[in-house]
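# Observations on the three-dimensional arrangement
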Amino acid sequence: MKKRSVLLSAFAWLALSVGPHPALQAQTGRAGDHWVATWATAVVARPQAPLAPPPPVAGLPCQAPLFGPGPGRQGGGPPPTPPPPLNFTNQTLRQIVHVSIGGERVRVVLSNAFGTVPLVVGAAHVALRVKDAAIDPKSDRALTFGGSPSATIAAGAVVVSDAVSLAVPTFADLAIDAYLPGDTAASPSPLTTHAGAQQTNYISADGNHTGEADLPVMTTTQAWFFLARVEVAAPEQVGAIVAFGDSITDGTRSTPNTNNRWPDQLAKRLAASNTKMGVLNEGIAGNRVLCDGAGVSALARFDRDVLVQPGATHVVVLESINDIGIGRNNPSPSAADLIAAHHQLIDRAHSRGLKIFGATLTPFEGAAYATPEGEAKRQAVNDWIRTSKAYDGVIDFDAAVRDPASPAKIQQRFNPGDNLHMNDAGYQAMADAINLGLFTRK
């Protein structure tokens, strides 16, 4: 028995001294790589058939109709009949992402988080986008997964590609190709997606067209599918800021294909100040803190969308306006309910060593779901964010965009017409209101 222990100790010492097998090291990344997310999105489930709202239960905060007037929509009543859901059969997706920091080595994270059956990816590539669906062929890199050119992503899982060498400039547009050989409509499994991307993505004619300089485009979509994150190898001191929120963080009503969401503008300010930090947009249009609906609730998704992000050091939280608005004049959820939920987010961020900042809720008088009762709740939540010192710092978006003559309203020059979201200038004003000193690393 003693001899066997000595042999095991010797083998352990040998393994530690020689390190991982070179082939495995090439697949997973160089020893000592510090991976930082440079782009990410918050994924949701796209059902193959519309879901009925749950039956009401008295006294619960999540029972307001999910189809009522919400962010980006005007008027009440049930929504119009949607078109048939988008599916993919033996097609290649070319999806465009705008990175916040550059690097020399890249890897891509694909997601089947909401799938109930495995997802087969026949091939995947990454390249620098030139224009529209065209890529620079010299930059094209085939992605592998544990050395294999294809991957089967288990239901509910993600897969991280092997690292590839690719010089990615800051603010580059990357084209990420994924060939799906199967038929996603053949199963009732939900698709893992991010709708309302404010970015045109491309779907090919039949076949594997990964890495082709000019994709044969059959159609386009303003959503990302099966795509969660892009990471770059960066110096150890480089971190990332996670912007966690709803449609106002997601960039609803900003100009598509221009990257004018407030997190994009924050990334530009950081770069101009020679501060290298990734900025990750984890906003979901229509999201709520306490209740599922447009994606799972902020409380339910915080681990996946914030805590697992590689290199994350800071979080900015801008959430609760949909809880307030969809609640209309009901007493529930109360401001106290929302404040208790924010405390949960703060505690969970601190447990992982992240700094977390509270952003005040922006005005919404005149929006389809605005009520006097909702405005009172907004003011109460904002007062708590500003004065409680529960967050590590405060970002006063409300002060940056409200009308001085009518503080419950957005300034008209920032209003895209729905009295809730911002136009490009409004998102710029939000980013300009952020004290970059909040993100210093000590």
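Structural notes, computed from the coordinates.

## Thoughts on the overall build of the chain
Regarding its fold elements, the chain presents ten helices and 24 strands. Of all 442 residues assigned to the chain, the portion counted as buried reaches 53%. For the chain, restricting intrachain contacts to residue pairs at least 6 apart in sequence, the fraction spanning at least 24 positions comes to 80%. In the structure as shown, the chain presents an accessible area of about 18,500 Å², 58% of it carried by carbon and sulfur atoms.

## Comments concerning unusual backbone geometry
Cis geometry is adopted by the peptide bond preceding Pro333, which originates at Ser332 and carries an omega value of 5°. Tracing the sequence through the fold places Pro333 in the loop between helix H6 (321-327) and helix H7 (335-351). Look at Asn90: it is not a glycine, yet its phi comes out positive at around 50°. By secondary structure assignment, the location of Asn90 is in strand E3 (residues 89-98). Phi is positive for Lys389, close to 65°, though the residue is something other than glycine.

## Comments concerning the side chain of Thr249
Examined against the element boundaries, Thr249 turns out to sit in helix H3 (residues 247-250). Of the residues examined, Thr249 reaches a relative accessible area of 0% and is grouped as buried. If we ignore the near neighbours within four places in the chain, the residues touching Thr249 are Ala243, Arg261, Trp262, Pro263, Asn281, Gly283 and Leu318.

## Some remarks on the packing of helix H4 (residues 262-272) against helix H10 (residues 424-432)
In contact at an axis separation of 8 Å, H4 and H10 are set at 50° when each is read in the N-to-C sense. As the angle between them shows, H4 and H10 are arranged oblique. In this structure, H4 crosses over H10, and the sense of that crossing is right-handed. Residues Trp262, Gln265, Leu266 and Arg269 of H4 form the contact with H10, whose participating residues are Tyr427, Gln428, Met430, Ala431 and Asp432. The residue inventory of the contact of H4 with H10, partitioned by class, reads five nonpolar, two polar and two charged.

## Section: the side chain of His98
As for its position among the elements, His98 is in strand E3. Here the side chain of His98 touches Phe171 through a polar contact of 3.4 Å, landing on its backbone oxygen. A distance of 3.5 Å separates a polar atom in the side chain of His98 from a polar atom in the side chain of Asn259. Excluding anything up to four places from it in sequence, His98 contacts Trp39, Phe171, Ala172, Asp173 and Asn259.

## Focus: the sheet that holds strand E13 (residues 191-194)
The three strands lie next to each other as E2-E13-E16, forming an open sheet whose pairing is antiparallel. Every other strand in the sheet has two partners, leaving strand E2 (44-46) and strand E16 (224-225) as the edge strands with one partner each. Both E13 and E16 contribute to a ladder of two bridges, which runs antiparallel. For His194, the partnering residue across the bridge sits in E16 and is Trp224.

## So, the pairing of E13
Taking every second residue as pointing to the same face, both faces of E13 are buried, with Leu191 and Thr193 on one and Thr192 and His194 on the other. One ladder, built from three bridges, connects E2 with E13; its direction is antiparallel. Considered in E13, the bridge of Ala45 is made with Thr192.

## Quick word on the packing of aromatic side chains
Tallied over the full model, the rule gives eight aromatic pairs. Ring centres of Phe225 and Phe226 lie 6.2 Å apart, and the angle between their planes is 50°; on these two criteria the pair is classed as tilted. Since its relative accessible area comes to 5%, Phe225 is described here as buried. Relative accessible area serves as the criterion here: at 6%, Phe226 is assigned to the buried category. A ring pair is formed by Trp384 and Tyr391, whose centres lie 5.8 Å apart and whose planes are at 65°; its orientation type is edge-to-face. Note on Trp384: relative accessible area 11%, which makes it buried. For Tyr391, a relative accessible area of 5% gives the class buried. Three or more aromatic residues link up through ring pairs in this structure, and these residues are Phe88, Phe225 and Phe226.

## Side note on the pattern of salt bridges
Close approach of charged atoms allows side chains of opposite charge to pair. For the coordinates displayed, the defined rule picks out 17 salt bridges. Across the pair Arg348 and Asp303 runs a salt bridge, and its minimum N-O distance is 2.8 Å. Of the two residues, Arg348 is situated in helix H7 and Asp303 in helix H5 (residues 298-307); the sequence distance between them amounts to 45 residues. Arg348 gets classed as partly exposed once you look at its relative accessible area, which sits at 21%. We classify Asp303 as partly exposed; its relative accessible area is 37%. The structure contains a network of salt bridges with shared partners spanning Glu375, Arg378, Arg386, Asp396, Asp398 and Arg402.

Each value, and the rule that gives it
- Residues numbered from 1 in each chain as written.
- Predicted model: local features only at pLDDT ≥ 70, side-chain atom pairs only at ≥ 80, totals over all residues.
- Heavy atoms only, no water.
- Helix = DSSP H or I, 4+ residues; strand = E, 2+ residues; numbered from the N terminus.
- Buried < 20%, exposed > 50% of the residue type's maximum accessible area, 1.4 Å probe, protein only.
- Contact = heavy atoms within 4.5 Å.
- Areas by Shrake-Rupley, 256 points an atom, 1.4 Å probe, with all protein chains shown as cover.
- Axes fitted to C-alpha atoms, helices over the stretch in contact; angles between N-to-C directions.
- Parallel < 35°, antiparallel > 145°, perpendicular 65-115°, else oblique.
- Left-handed = near helix turned anticlockwise from the far one by under 90°.
- Nonpolar A, V, L, I, M, F, W, Y, C, P; charged D, E, K, R; others polar.
- Polar contact = N/O pair within 3.5 Å; in protein donor to acceptor, adjacent residues only side chain to side chain.
- Pairing = 2+ DSSP bridges.
- Phe/Tyr/Trp six-rings, centres within 6.5 Å; stacked < 30°, edge-to-face > 60°.
- Salt bridge = Lys/Arg side-chain N within 4 Å of Asp/Glu carboxyl O.

Purely spatial values, then, with no claim about function.
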